[in-house]
Amino acid sequence: MQDENVFVVTIDGPSGSGKGSLALNVARELGFHLLDSGAIYRLLALKALQQGIDLDDEQQVAPLAEELDIRFEAGDELSIPFLDNVDVSAELRQERTGDAASRVARHPLVRERLLSLQRGFVRPPGLVADGRDMGTVVFPDARFKFFLYASPEIRAQRRYKQLKNMGLSANIAQLQADIAERDERDQSRSVSPLVPAEDALVVESSLLDLAQVTELVLSHIRDK
Ligand code: DC
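What counts, and where the lines are drawn
- Residues numbered from 1 in each chain as written.
- Predicted model: local features only at pLDDT ≥ 70, side-chain atom pairs only at ≥ 80, totals over all residues.
- Heavy atoms only, no water.
- Near = heavy atom within 4 Å.
- Polar contact = N/O pair within 3.5 Å; in protein donor to acceptor, adjacent residues only side chain to side chain.
- Helix = DSSP H or I, 4+ residues; strand = E, 2+ residues; numbered from the N terminus.
- Nonpolar A, V, L, I, M, F, W, Y, C, P; charged D, E, K, R; others polar.
- Axes fitted to C-alpha atoms, helices over the stretch in contact; angles between N-to-C directions.
- Parallel < 35°, antiparallel > 145°, perpendicular 65-115°, else oblique.
- Left-handed = near helix turned anticlockwise from the far one by under 90°.
- Contact = heavy atoms within 4.5 Å.
- Core = buried A, V, L, I, M, F, W, Y, C linked by side-chain atoms within 4.5 Å.
- Buried < 20%, exposed > 50% of the residue type's maximum accessible area, 1.4 Å probe, protein only.
- Pairing = 2+ DSSP bridges.

The immediate surroundings of the ligand are formed by 17 residues, with Arg-42, Arg-111, Arg-132, Asp-133 and Arg-189 found nearest. Measuring from an oxygen atom of the ligand, one finds a side-chain N or O atom of Lys-19 at 3.3 Å. Contributing elements (two or more residues each) for the shell around the ligand: α2 (37-50), α5 (95-104) and α9 (172-188). Here the shell around the ligand gets four residues from one element, more than from any other, and that element is α2. For the shell around the ligand, the residue count by class is four nonpolar, five polar and eight charged.

So this is what it looks like as structure tokens:
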């Protein structure tokens, strides 16, 4: 069970909804730790890709989740992810890794084995956790739960800008198709599907910028 004295804020939503940037802003403002749970699924996917494992085979992927050697180090802006002591920042954000992450994330055994790893991020004074099932499964007792939504068109545009800024090539039509496919897979899986927790505040962010969404979330927290 969760330590009642540690304040947990969950932010869930589909890929490209802006929940990662929102979680970073909220964590900074509150002085809390941050868990980017998508990065954990991405690190596992990278490991599976490196080993040439069939991503759709639960029996092959699940053992990797058990012995995953990962850590995050503080960076200038974002934290730096390490897999087996190697900085994998560049590979981690690639579309191919996100797609592979969505495939390994479908397996119930994998999700179960990553639970304690994710819960281990809870530390005083608090944690902001972003992902797909933070409010529903990983931190059901969280003090505040948010679900960030944005239309697939807006998300594809945001992702396009993000990739361009990182100097990576991108095609907007392809991104939109990939987002639709990933949404379908994340929403329809049998365990921990992407759905808002019953007690989550759903924020429609298509017409809001990051500063506005951050303010909305922070004022909701401060009001309580
Ligand atoms: O948030 P992201 O795009 O980095 O996540 C990559 C994939 O990982 C996503 O398509 C589904 C999976 N994921 C998940 O199943 N549960 C989470 N809590 C976070 C990510």
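From this point, the discussion proceeds with the structure in view.
What follows is about the packing of α2 against helix α6 (residues 108-119). As a packed pair, α2 and α6 sit with axes 11 Å apart at the nearest point and diverge in direction by 130 degrees. One way to sum up the angle between α2 and α6 is to call them oblique. Where α2 crosses over α6, the handedness of that crossing is right-handed. Packed against α2, whose contacting residues are Ser-37, Ile-40, Tyr-41 and Leu-44, the element α6 presents Val-110, Arg-111, Leu-114, Leu-117 and Gln-118 at the interface. When the residues that make up the contact of α2 with α6 are grouped by side-chain class, the tally is six nonpolar, two polar and one charged.

Close contact between α2 and α5 brings their axes to 8 Å; oriented N to C, the two are set at 95 degrees. The orientation of α2 with respect to α5, classified from their angle, is roughly perpendicular. Note on element contacts: α5 touches α2 through Arg-96, Thr-97, Gly-98, Ala-100, Ala-101 and Val-104, opposite Tyr-41, Arg-42, Leu-44, Ala-45, Leu-46 and Leu-49.

Our focus in this paragraph is the nonpolar core. Grouped together as the largest cluster of nonpolar side chains are 37 residues, with contacts concentrated most on Leu-35, Leu-44, Leu-83, Val-110, Leu-114, Leu-127 and Phe-139. Those elements that provide at least two residues to this core are α2, α3 (58-66), α5, α6, β6 (126-131) and α7 (134-138). The element best represented in this core is α2, accounting for eight residues.

Among all positions of α5, only Thr-97, Gly-98, Ala-100, Ala-101, Ser-102 and Val-104 are buried. Buried positions along α5 lie against α2, α3, α4 (89-92), α6 and α9.

Let us look at the environment of Ser-205. Mapped onto the elements of the fold, Ser-205 is located in the loop between β8 (201-204) and α10 (210-223). For the pair Ser-205 and Lys-164, spaced 41 residues apart in sequence, the C-alpha to C-alpha distance is 22 Å. Apart from residues lying up to four places away in sequence, Ser-205 is in contact with Ser-17, Leu-148, Tyr-149, Ala-150, Arg-158 and Val-213.

Below, the discussion takes up the sheet that holds strand β5 (residues 86-87). Sheet architecture is open: three strands sit in the order β3-β4-β5, paired in antiparallel fashion. Here the strands that pair on one side only, and so sit at the sheet edges, are β3 (70-73) and β5. When β3 meets strand β4 (residues 80-83), the two strands line up antiparallel, connected through four bridges. Within the sheet, the bridge partner assigned to Glu-73 lies in β4 and is Ile-80. Together, β3 and β4 form the strand contacts of α2, whose direction differs from that of β4 by roughly 35 degrees.

This part is about the environment of Arg-123. Along the chain, Arg-123 falls in the loop between α6 and β6. Accessibility expressed as a relative area gives 40% for Arg-123, which makes it partly exposed. A sequence separation of 43 residues divides Arg-123 from Met-166, and the C-alpha atoms of the two residues are 31 Å apart. In this structure Arg-123 touches Val-6 and His-33, once residues within four positions along its chain are discounted.

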